[in-house]
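Each chain, letter by letter, is given below.
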Amino acid sequence: MKGEEMVIPHLFRCPISLDLFKDPVTLSTGQTYDRIFIEKWLSEGNATCPVTMQKLDDSSIVPNHTLRHLIHEWIIDNSEGQFEAADDEENDVSIGEFKRILESNESTLDDKILVLDKVHSLSEKLPLENSRLIEFDFFGLLSELVFEIGTKSLKFVEKALFCALKLMPFSEMESLNKILEQETKYVVFLLLFEQGNISIKKSLCLVVEAISSCVDTKNLGEKLGKSDKLLRGIVDVVQNKSEANEAGVRALSSLSRIEKNRENLDKQGAVKGLIAYLSNVEIIEKGSLAPMAVSTIENLLLSVGSAKIAILDNCCGVKAIVKMVFRVSNHEGSESAVNCLVIVCSDSKIARETAIVEGVLTQLLLLLQSQCSARIKTKARMLLKLLRTMWINEDLNNGFGVI
């Protein structure tokens, strides 16, 4: 109720906390408690029911779905639909009420944004509150609202996407299929990527990654891979230094795993963007996605002939890959880098010369002396042999003998 405190019925209060139940569970004695409090009671070595003091031969607890439903209905019946910010401890508005406010056409955007702040706070508190958000399908609801509200409120979209991403790993991706198969919502998705701020673009890149990685949304991933505008937008995110460029690398990597997407990824400049990322990032930096970037380039090279041209035409192309051949801390990405150089150098004198000038021979020798796998060493020797053979052949063609 607005302006006055709702009186919580006695049966809706946990006997331990005396607050409104959040996650009611029932003991073998028939008494119901909030899960977090009864679990704490039992974990402290107590073997009795707190209310009856009856000894518990069976300490199992069972979710009380009936009581949860009754509380949910009571909250809806006793609220007027307006959410006012308040301290969590003093005014705990239930998740059911949050959902009602977000779904209501009568709620203002400001009301909904205030609710998103509360939802974000709850999504950080694992596992209890987060599980309740998942149970109420907040991921599906927030996803629907993002593409319904769209550019009318980028502030709402930014916050809603942030909350949805927190819940996405634990939610069904099918809801995104149902939403984005609607052409109007799909158009909004593309428009948000074009007009959104860097935070929105980062979130949408992570959504693209999730869609393209999930078997259930593979067709949607192929659809995204056909959008020239979206792919160019992701490439721009990757090649420009910002908080979103690693999310962009993840999106391109995930899209490239769908073979049908590779040709269009190359056409829209994916290789150029990934080379720019490799050139800008410190490959020894902890958490760097350089190995993922070079692996994505490898995928494109193996499937699309023109990807090789994209590297050769880029003044930093070969150089960026060479620096990935040997990494002091580990060898993640080394195999992909060596494979890329074998493909690019196999029939390009310029690529071979550039690789040698950029120190590939030293990199390969260090790699061979390291503790990398036998497979990587085999490929490193293959590249060394290729460079040596080509070098000898070129000397012979130029009239120099080989001693």
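The model shown is predicted, which means the values in this text are computed figures rather than measured ones.

**A closer look at the packing of helix H10 (residues 198–213) against helix H13 (residues 245–256)**
Now for step 1: For the pair H10 and H13, the least separation of the axes is 8 Å and the interaxial angle reads 20°. With respect to each other, H10 and H13 are oriented roughly parallel. For the pair H10 and H13, the sense of crossing is left-handed. Residues Lys202, Cys205, Leu206, Val208, Glu209, Ser212 and Ser213 of H10 form the contact with H13, whose participating residues are Ala247, Gly248, Arg250, Ala251, Ser254 and Leu255.

**Focus: the confidence of the model for the protein chain**
Where the model shows low pLDDT, its predicted coordinates should not be examined in detail.
Now for step 1: The predicted model of the protein chain has a mean per-residue pLDDT of 84, with 87% of residues at 70 or higher.
Now for step 2: Here residues 80–93 is a poorly scored stretch, pLDDT under 50, and it has 26 contacts once near neighbours within four places are set aside; other chains count.

**What to know about the side chain of serine 143**
Now for step 1: Residue position: serine 143 is located in helix H6 (residues 138–149).
Now for step 2: When neighbours within four sequence positions are excluded, serine 143 is seen to be in contact with Leu176 and Ile179.

**Structural notes on a nonpolar patch on the surface**
Now for step 1: Residues Ile16, Ile36 and Phe37 make up a contiguous nonpolar surface patch of about 240 Å² in total accessible area.
Now for step 2: Structurally, isoleucine 16 is set in the segment before strand S1 (24–26).
Now for step 3: Look at isoleucine 16 and you get partly exposed, because its relative accessible area is 33%.

**Section: the nonpolar core**
Now for step 1: One finds Leu102, Phe138, Phe147, Phe189, Ile234 and Val360 to be the most contacted residues of the largest nonpolar core, which totals 101 residues.
Now for step 2: Sequence-distant contacts of phenylalanine 147, that is, excluding residues within four places in its chain, are made with Leu176, Ile179, Leu180, Lys185, Val188, Phe189 and Leu192.
Now for step 3: Core analysis: the second largest hydrophobic core is formed by 13 residues, Cys14, Leu20, Phe21 and Leu67 among them.

**Considerations on the sheet that holds S1**
Now for step 1: Reading across the sheet, the three strands line up as S2-S1-S3 and stay open at both edges, with antiparallel pairing between neighbours. Two strands bound the open sheet, and with one partner strand each, they are strand S2 (32–34) and strand S3 (62–63).
Now for step 2: Bridging between S1 and S3 involves two bridges; their strand directions are antiparallel. The residue of S3 that forms the bridge with threonine 26 is valine 62.
Now for step 3: The strands that helix H1 (residues 35–43) touches are S1, S2 and S3; relative to S2, the one it contacts most, it runs at about 95°.

Definitions and limits used
Residues numbered from 1 in each chain as written. Predicted model: local features only at pLDDT ≥ 70, side-chain atom pairs only at ≥ 80, totals over all residues. Heavy atoms only, no water. Axes fitted to C-alpha atoms, helices over the stretch in contact; angles between N-to-C directions. Helix = DSSP H or I, 4+ residues; strand = E, 2+ residues; numbered from the N terminus. Parallel < 35°, antiparallel > 145°, perpendicular 65-115°, else oblique. Left-handed = near helix turned anticlockwise from the far one by under 90°. Contact = heavy atoms within 4.5 Å. pLDDT = per-residue confidence, 0-100. Patch = residues over 30% accessible without salt bridge, like charges linked within 9 Å, V, L, I, M, F, W, Y side chains within 5 Å. Areas by Shrake-Rupley, 256 points an atom, 1.4 Å probe, with all protein chains shown as cover. Salt bridge = Lys/Arg side-chain N within 4 Å of Asp/Glu carboxyl O. Buried < 20%, exposed > 50% of the residue type's maximum accessible area, 1.4 Å probe, protein only. Core = buried A, V, L, I, M, F, W, Y, C linked by side-chain atoms within 4.5 Å. Pairing = 2+ DSSP bridges.

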